[in-house]
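Here are the chains, one letter per residue:
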Amino acid sequence: MQAKHIVILGSTGSIGTQALDVVERLNRAGHAMTIVGLSAGRNIGLLTRQIERFAPLVVSVAREEDALALSERFADLIVLFGSDGLERLVCFPDVDLVVNALVGAIGLSPTLTTLSKGRTLALANKESIVIGGELVTKVLRENGGTILPIDSEHNAIFQSLLAGKHSEIERIIITASGGPFLNIPLEELAQVSAQDALHHPNWSMGSRVTIDSATMVNKAFEVIEAHYLFDVPYERIEPIVHPQSAIHSLVEYRDGSIIAELAASDMRIPIQYALVYPDRVATDLPRLSLEKISPLSFAPLEMARYPAFATVHAAGVRGGTAPAAVNAADEVLVKRFLGGEIGFTKIAQGLQRILDRWKARDVVEDGDLSLARILDVDRWARKQAATLNL
Ligand code: NAD
Ligand code: MG
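As the structure is a computational prediction, the values presented were derived from the model and not from experiment.

Around ligand 1, a shell composed of 22 residues is seen, among which Thr12, Ser14, Ile15, Gly41 and Glu127 lie nearest. With respect to ligand 1, the backbone of Ile15 contributes an N or O atom lying 2.9 Å from an oxygen atom. In the environment of ligand 1, an oxygen atom lies 2.9 Å from a nitrogen or oxygen atom belonging to the backbone of Gly206. Considered on its own, ligand 1 offers 830 Å² of accessible surface; in the complex 84% of this is hidden by protein. Taken together, the elements giving at least two residues each to the shell around ligand 1 come down to α1 (14-28) and α6 (126-143).

Before going further, it helps to examine the layout of surface pockets. When its volume is computed, the second largest pocket comes out at roughly 390 Å³. Forming the walls of the second largest pocket are 18 residues, and the residues nearest its centre are Ala263, Ile269, Arg280, Thr283 and Arg287. Among the secondary structure elements, those contributing two or more residues to the lining of the second largest pocket are β11 (258-262) and α11 (268-276). Taken together, the residues of the lining of the second largest pocket break down into 11 nonpolar, 3 polar and 4 charged.

What follows covers the sheet that holds strand β2 (residues 33-40). Strand order in the open sheet formed by 7 strands is β4-β3-β2-β1-β5-β6-β7, with parallel pairing between adjacent strands. Edge positions in the sheet fall to β4 (78-81) and β7 (146-149), since each of these pairs with one other strand and no more. Averaged over all pairs of adjacent strands, the angle between strand axes in this sheet comes to 20°, irrespective of strand direction. Both strand β5 (residues 97-100) and strand β6 (residues 120-123) contribute to a ladder of 4 bridges, which runs parallel. By the bridge assignment, Val99 is partnered in β6 with Ala122. Relative to the sheet, helix α3 (residues 64-73) contacts β3 (58-61) and β4, its axis offset from that of β4 by approximately 175°.

The rules behind each value
Residues numbered from 1 in each chain as written. Chains lettered and ligands numbered in written order. Predicted model: local features only at pLDDT ≥ 70, side-chain atom pairs only at ≥ 80, totals over all residues. Heavy atoms only, no water. Near = heavy atom within 4 Å. Polar contact = N/O pair within 3.5 Å; in protein donor to acceptor, adjacent residues only side chain to side chain. Areas by Shrake-Rupley, 256 points an atom, 1.4 Å probe, with all protein chains shown as cover. Helix = DSSP H or I, 4+ residues; strand = E, 2+ residues; numbered from the N terminus. 1 Å grid on protein atoms, 1.4 Å probe; cavity = no way out; pocket = protein on both sides within 12 Å on 5 of 7 lines; lining within 4 Å. Points joined across faces, edges and corners; volume = space filled by probe spheres on them. Nonpolar A, V, L, I, M, F, W, Y, C, P; charged D, E, K, R; others polar. Pairing = 2+ DSSP bridges. Axes fitted to C-alpha atoms, helices over the stretch in contact; angles between N-to-C directions. Contact = heavy atoms within 4.5 Å.

Any link to function would need more than the numbers given here.
See the structure below:
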């Protein structure tokens, strides 16, 4: 069997480390997976251990000084750095699959570059699609690359879409666990701590996506992501609260049939799906025990509990650079919340104020959306959110 040559961006993060775990499992089971390149931000200790274990040809790190230190330590390794390093990494020769597990807006440019080379992208970095959906769609159309979604909901939708034709889709239903604050009294929300918010009931993830799950910003991002990935209008994409997280999402067809994907709440399952697609291979990863999870329950999203959902959703529907503004603002507001500087409910208030300011900027957005304009709004919103008096 021919080996699959893989690059992983964000290899030291929650998704990145799980992707490497899946690679090791697949190799043990006789599916040849070769790690060609890895990238990480600042966790050089972990990256060093990964280099020793997976022997990549090339790595990229955020800072030049870390790159120099790694070059000294590993004589044969090609070491790159910065955003240019990420670009060069995804263009490295003979790569079959790029896994983008970066967090935040920094993921967009490598996503576009990977697809512009017509390559296959296993995508966890949802911000790529949230802020750059229009650009990504265009690059895909022009260069014929492929996106295999890793985000569990989109992976479930991707699988459920195999059951019918695009023209037969009635609606996409995205499940949401409700996060840690599904049942606490609304008046207590303002007082919850970062520690409370970081305690997700079903999934263990990076800190930003965990807070975004508590505010439901994550679910609004996922609606935007689904809109672009599957080319379905916003009015046909609905969130639903499903606290057990057993059903990862559903597609309803026009004949009334609803197709769902269920699995254990373990991101390595959708990661493996993307790594070996279009095959399915045996795994010893956790399995869903239907007897243990039942009964399954569903409820509408309570808007008073999750006001940030409406704000971010509105930004998605508005399009242009509005999603970039709320994404950047959210990144900063989540950091301010985690640092103890603002309360939990201020994240939603801050997002609405940044979206209002974005509207008030009154910039005419004619012509094609460009990466430069998205990144310009990203910088603007970051500054606004950092100094917003909340
Ligand atoms: P994380 O914070 O655990 O990891 C992020 C990775 O990006 C790390 O390796 C970090 O070193 C790297 N990174 C950060 N800034 C960088 C920079 N400036 N330059 C280079 N590398 C940089 O995040 P995560 O939870 O693994 O999430 C990754 C993406 O996957 C996010 O978009 C998230 O929304 C999405 N996602 C995650 C999960 C999950 O279970 N963790 C589930 C669904 C979707
Ligand atoms: Mg998700």
